[in-house]
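# Remarks on the overall topology
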Amino acid sequence: CLAAAMLLSGDDDQRAWERELETIRAAIGRIDEPRSAVAFSQQAVEEILSAWGRVIDCEVWCDANVWPVLDAAPATGRVVIDALSEALTNILRHAARPLAQVRIEQSAGAVTLRVSSPGALGQPASRGSGVKALRRRADRVELTESMGEVHLTVGVLVGAGAQS
């Protein structure tokens, strides 16, 4: 994700980009730091959204019941966090505008992340390395386009199928 931001920074004020990249680097670096087991997933998601929120306008809705589920199943939480990072990286690299709608919900023993942004799919969805990596770790990964928006949906069964 940092490489994508660096590539896109060529025409802008270099010092401003360097400051923003340092903020994103710091947030990513804190993801693996020890934290309270109770708030790991929510804190990690909030840090990612805060860092990316400097360059992407994010509208977020999270099911309040998702946090205890993710905290009880760390491997599932890690897949959701990684999928969110992948989605926001791709929005910065490919979206028509830096806008994202993020939805995280829990139902029927699974957590689902949905991220939408304006744009069109360029290369076939199966070729991207980030999407391929998500498909190996999540139970369901769909990358689709409709009505001028790209949608990434990642579903992970709680405690099963999620591989860190």
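Thresholds, definitions, all that
- Residues numbered from 1 in each chain as written.
- Predicted model: local features only at pLDDT ≥ 70, side-chain atom pairs only at ≥ 80, totals over all residues.
- Heavy atoms only, no water.
- Core = buried A, V, L, I, M, F, W, Y, C linked by side-chain atoms within 4.5 Å.
- Buried < 20%, exposed > 50% of the residue type's maximum accessible area, 1.4 Å probe, protein only.
- Helix = DSSP H or I, 4+ residues; strand = E, 2+ residues; numbered from the N terminus.
- Contact = heavy atoms within 4.5 Å.
- Salt bridge = Lys/Arg side-chain N within 4 Å of Asp/Glu carboxyl O.
- Axes fitted to C-alpha atoms, helices over the stretch in contact; angles between N-to-C directions.
- Parallel < 35°, antiparallel > 145°, perpendicular 65-115°, else oblique.
- Left-handed = near helix turned anticlockwise from the far one by under 90°.
- Pairing = 2+ DSSP bridges.
- Arc of directions from axis to C-beta.

### Section: the nonpolar core
Membership of the largest hydrophobic core comes to 35 residues, with the highest contact counts inside it found for Leu84, Leu88, Val102, Ile104, Val115 and Val154. Counting only elements with at least two residues in this core, the list comes to helix 2 (14–30), helix 3 (40–52), helix 4 (66–72), helix 5 (74–94), strand 2 (99–107), strand 3 (110–118), helix 6 (129–137) and strand 5 (149–157). Ranked by the residues each element gives to this core, the list is headed by helix 5, at 9 residues. Ignoring any residue separated from it by four or fewer positions in sequence, one finds Ile104 in contact with Val45, Trp61, Cys62, Asp63, Val66, Trp67, Val80, Val111, Thr112 and Leu113.

### A look at the pattern of salt bridges
What the rule picks out here adds up to 5 salt bridges. Between Glu105 and Arg103 there is a salt bridge whose closest N-O contact spans 3.4 Å. For Glu105, the salt bridge is made with Arg114, and the minimal N-O distance between the two is 2.1 Å. You can call Arg114 partly exposed: its relative accessible area is 31%.

### Focus: the side chain of His151
Inspection of the secondary structure puts His151 in strand 5. When neighbours within four sequence positions are excluded, His151 is seen to be in contact with Val115, Ser116, Glu142, Leu143, Thr144 and Ser146.

### Some details on the packing of helix 5 against helix 6
Taken N-terminus to C-terminus, the directions of helix 5 and helix 6 make an angle of 165 degrees; their axes are 11 Å apart at the nearest point. Here helix 5 is positioned roughly antiparallel relative to helix 6, judged by the angle of their axes. Like other packed secondary-structure pairs, helix 5 and helix 6 cross with a definite hand, here left-handed. Residues Arg78, Val79, Asp82, Ala83 and Glu86 of helix 5 form the contact with helix 6, whose own contacting residues are Gly130, Val131, Leu134 and Arg137.

### Overview of the pairing of strand 2
Consecutive residues of a regular strand have side chains that alternate between opposite faces of the sheet. In this structure, strand 1 (residues 57–62) lies alongside strand 2, joined through 6 bridges in parallel fashion. Looking at strand 2, one finds that Cys62 is bridged to Ile104. Counted between consecutive antiparallel strands, the loop separating strand 2 from strand 3 contains 2 residues, among which Ala108 sits at a positive phi close to 50 degrees.

### Regarding helix 6
All of the buried residues along helix 6 are Gly130, Val131, Leu134 and Arg137. Take helix 6 and look down its axis: the buried residues cluster within an arc of 125 degrees, on one side only. Turned more than 90 degrees from where helix 6 packs its buried face, Ser129 and Arg136 sit exposed. In the core, the buried residues of helix 6 are packed alongside helix 5, strand 4 (140–146) and strand 5.

### Focus on unusual backbone geometry
Comment: phi is negative for the bulk of residues other than glycine, and the bulk of peptide bonds are trans. Residues other than glycine seldom take positive phi values, yet Ala108 does so here, at roughly 50 degrees. For Ala108, the position within the fold is in the loop between strand 2 and strand 3. Despite not being glycine, Met147 has its phi angle at roughly 50 degrees, a positive value. One can find Met147 in the loop between strand 4 and strand 5. For Met147, a relative accessible area of 85% corresponds to the exposed category.

### Quick word on the environment of Glu22
Residue placement: Glu22 occurs in helix 2. The class of Glu22 is partly exposed, set by a relative accessible area of 44%. Taking the C-alpha atoms as reference points, Glu22 and Ala51, 29 residues apart in sequence, are found 9.6 Å from one another.

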